[in-house]
Amino acid sequence: MTVDRRWQLSLRVVALTYLGALLFVPVGLIFYRTFEHGFAAVWESITTPAAIHAFQLTLEVTIIAVPLNTLFGIVMAIALARGRWRGKGLVNAFIDLPFAVSPIVIGLSLVLVYGVHGWFGGALANAGIQVIFSVPGIVLATIFVSLPFVVREVTPVLKEIGDDQEQAAATLGAGAWTTFRRVTLPAIRWGVAYGVVLSVARCIGEFGAVSVVSGKISGETDTLTLLVDKRFSNFDLAGAYAASALLALIALVTLLAMTTMNRRREEGDT
Amino acid sequence: MSATSLTGPRSAAPGGSAPAGGAARRAAPAWRSTGALGLGVATLWLSVIVLLPLSAVVVHSLDGGLGAFWDAVTSRQALAALRFTVLVSLATALINVIGGTLIAWVLVRDRFPGKRFVNALIDLPFALPTIVAGLVLLTLYGQRSPVGIDIAFTQAAVLVALLFVTLPFVIRSVQPVLIELDTEMEEAALSLGARNATIFRRIVLPNLVPAILSGAALAFARAVGEFGSIVLISGNIPFKTQVSSVYVFNLIESDAPTSAAAVSTVLLLVSLAVLLAIRGIGRWGVRYDR
């Protein structure tokens, strides 16, 4: 340690004050505000039919989006880490787009493709399929925003472990699929799991892109985050806090999972 | 890996036995298991989910011709929103550079009870839905503020919201570098009589610069596009607290998709520029390392 005690203490105080004012106190306050009128009121407000439906829809969308992106993520990560092909740099750059693009732009982009006046709008309407202002639009938006997580967690792991073990397995006569299942997958499983946790958190929490494509029909296309916004706009503060507390609880569980996994990864537990 | 991996994954597949000499390594087995077909499907997925919709934004932005595009982008309200967005995002990035580096330093070099708990909570802004973040900040710094600070519907409120959602970027990119950094150099400098400020400026900081910059660029990119945390707390006052993403949202709601697409295209270009900058910083950082 190269700084003296006085400096060390003042830096610590500055850092913790900043974190406290920005993060700890606000998040603590949301739970206090939620439960200041007792638990019963909160329970009532998160078990209304609209709230239950919003919870179910959020869950449904997550269950569709996460496995698809996990599959995509593993295949793409292997291609990026092990394969050599033309256009790799470009594809690698495109994968980060969902992180960099505003969620509102993402929502708009889906409206312009699948909306009534969009590229496929006419064809979809003729086929009787509604995407925008309906569940498929929400699913597409959610897949879009959570696309990069698994790829970005698994690629560095694959690069780090190298392909020696895979080569050895192949030398010993294992087929490609066996090698993947018995050698590669166990080695990357914590990376995959970490990416999945991040994806789940993002899927549950997405607001901007979903709010453009959902149409916010109560009991039909309202997700949990949209419900928070709607209740707040309708001056139902207690209701907004209750739904928020539920989402914050999910976020805290996510955080716990992330911390546990990080520790296991660092310990090199396989 | 040798050039054999270029000849296609299928050609090398049949038969379990590897070449006896092992001089020429074959394509990585994991790569063979997914192969060109997997890559094709994955690329198609990326194209349909991400690239096709984003190209629709660019194409639609020119629906009314270049003149209409230009008018939409340079309307007074659009310009004011874009100016405020870029300025407040720059401020966010700058504060993160200082605050984030400081917090990372404290989390790595300092010791105090509850450090692990604090460290784990740093990621909360990534896990917390943005709309909840906005509501959370409005509760503490809004009209019903229990501490008497009411900054709701001001530019300062937008800055606070952006600082909240971008908090982890610089910290999480600086932390690992700081952990890896050898303290021997610092001790050597100290024994040679260098003062703390000099050691930080001449030894610690140069090692951290690539990490700080890439964290700041990520924070900037996130800030430019942020919507959920701002929409409640900003009050969306044109020429004052309206940011571009909320402006685009208003255009969509008022059924002006072409103008919305035009402003979005500008935002897309900003995102692309930041992505390129981050890759540039990454390459520079790697070269700097050697």
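Conventions used here
- Residues numbered from 1 in each chain as written.
- Chains lettered and ligands numbered in written order.
- Predicted model: local features only at pLDDT ≥ 70, side-chain atom pairs only at ≥ 80, totals over all residues.
- Helix = DSSP H or I, 4+ residues; strand = E, 2+ residues; numbered from the N terminus.
- Buried ≥ 20, exposed ≤ 12 C-beta atoms within 10 Å, placed from the backbone.
- Contact = placed C-beta atoms within 7 Å.
- Core = buried A, V, L, I, M, F, W, Y, C linked by C-beta atoms within 7 Å.
- Nonpolar A, V, L, I, M, F, W, Y, C, P; charged D, E, K, R; others polar.
- Axes fitted to C-alpha atoms, helices over the stretch in contact; angles between N-to-C directions.
- Parallel < 35°, antiparallel > 145°, perpendicular 65-115°, else oblique.
- Left-handed = near helix turned anticlockwise from the far one by under 90°.
- Domains from an automatic or database assignment.
- Expected span 1.5 Å × (residues − 1).

1. Quick notes on the overall build of chain A
Broken down by element type, chain A carries 14 helices and zero strands. Classification of the 270 residues of chain A by burial places 50% in the buried group. Long-range contacts, defined as pairs at least 24 residues apart, comprise 75% of the intrachain contacts of chain A with a sequence gap of at least 6.

2. Digging into the overall build of chain B
Tallying secondary structure elements over chain B gives twelve helices and zero strands in all. The helix and strand sequence of chain B, counted from the amino end, reads α-α-α-α-α-α-α-α-α-α-α-α. Out of the 290 residues in chain B, the part that is buried amounts to 47%. Restricting to contacts in chain B with at least 6 residues of sequence separation, those with at least 24 account for 75%.

3. Details of the nonpolar core
Soluble globular proteins tend to bury their nonpolar side chains together. By size, the foremost hydrophobic cluster in this structure holds 166 residues, and its most contacted members are Leu108(A), Ala141(A), Phe144(A), Leu137(B), Ala161(B) and Val248(B). Looking at which element gives the most residues to this core, the answer is helix 3 (residues 49–82) of chain A, with 15 residues. In contact with Ala141(A), other than residues within four places in its own chain, are Ile106(A), Gly107(A), Leu110(A), Glu206(A), Ala209(A), Val210(A) and Val213(A).

4. Focus: the interface of chain B and chain A
It is common to report an interface's size as the accessible area lost on association of the parts. With 80 residues of chain B in contact, the opposing surface of chain A contributes 83 residues. Counting residues per element, the side of chain B that touches chain A draws most heavily on helix 1 (residues 29–61) of chain B, which supplies 21 residues. Here the residues of the side of chain B that touches chain A are counted per class, giving 55 nonpolar, 17 polar and eight charged.

5. Some remarks on the packing of helix 3 (residues 76–109) of chain B against helix 7 (residues 155–180) of chain B
Residues and elements named next belong to chain B. Contact pair helix 3 / helix 7: the axes reach a minimum separation of 6 Å and the direction vectors enclose 40 degrees. Relative to helix 7, the element helix 3 is oriented oblique. In the packing of helix 3 onto helix 7, the handedness of the crossing is right-handed. A per-class count over the contact of helix 3 with helix 7 returns 19 nonpolar, eight polar and no charged.

6. Description of the domain arrangement of chain A
Residues and elements named next belong to chain A. According to the domain assignment, chain A contains domain 1 (1–36) and domain 2 (39–266). If you average the C-alpha positions of domain 1 and of domain 2, the two centres end up 31 Å apart. Of the residues lining the interface, six residues belong to domain 1; the matching set on domain 2 comes to seven residues. For the side of domain 1 that touches domain 2, the class distribution of residues is four nonpolar, one polar and one charged.

7. Some remarks on helix 6 (residues 103–114) of chain A
Residue and element names in this part refer to chain A. Here helix 6 is twelve residues long and its end C-alpha atoms lie 17 Å apart, about the 16 Å a rise of 1.5 Å per residue gives. In terms of burial, helix 6 is largely enclosed, as twelve of its twelve residues are buried. For helix 6, the full list of buried residues reads Pro103, Ile104, Val105, Ile106, Gly107, Leu108, Ser109, Leu110, Val111, Leu112, Val113 and Tyr114.

8. Details of the environment of Leu51(B)
Mapped onto the elements of the fold, Leu51(B) is located in helix 1. With 15 C-beta atoms counted inside 10 Å, the residue Leu51(B) sits in the partly exposed group. Residues Leu51(B) and Ile122(B) lie 71 residues apart in sequence; the distance between their C-alpha atoms is 32 Å. Leu51(B) has contacts with Phe94(A) and Leu46(B), leaving out every residue within four places of it along the chain.

9. As for the environment of Val158(B)
All names here are of chain B. Mapped onto the fold, Val158 is located in helix 7. For Val158, a count of 29 C-beta atoms within 10 Å translates into the label buried. Taking the C-alpha atoms as reference points, Val158 and Asp110, 48 residues apart in sequence, are found 31 Å from one another.

10. A short note on unusual backbone geometry
Positive phi, close to 50 degrees, is recorded for Lys216(A), a residue that is not glycine. Looking at the secondary structure, you find Lys216(A) in the loop between helix 12 (208–214) and helix 13 (224–233). Lys216(A) gets classed as partly exposed once you count the C-beta atoms within 10 Å, which come to 15. Despite not being glycine, Asn236(B) shows a phi value in the positive range, around 55 degrees. Tracing the backbone through its elements, the reader meets Asn236(B) in the loop between helix 10 (228–233) and helix 11 (244–253). Since 18 C-beta atoms lie within 10 Å of it, Asn236(B) is described here as partly exposed.

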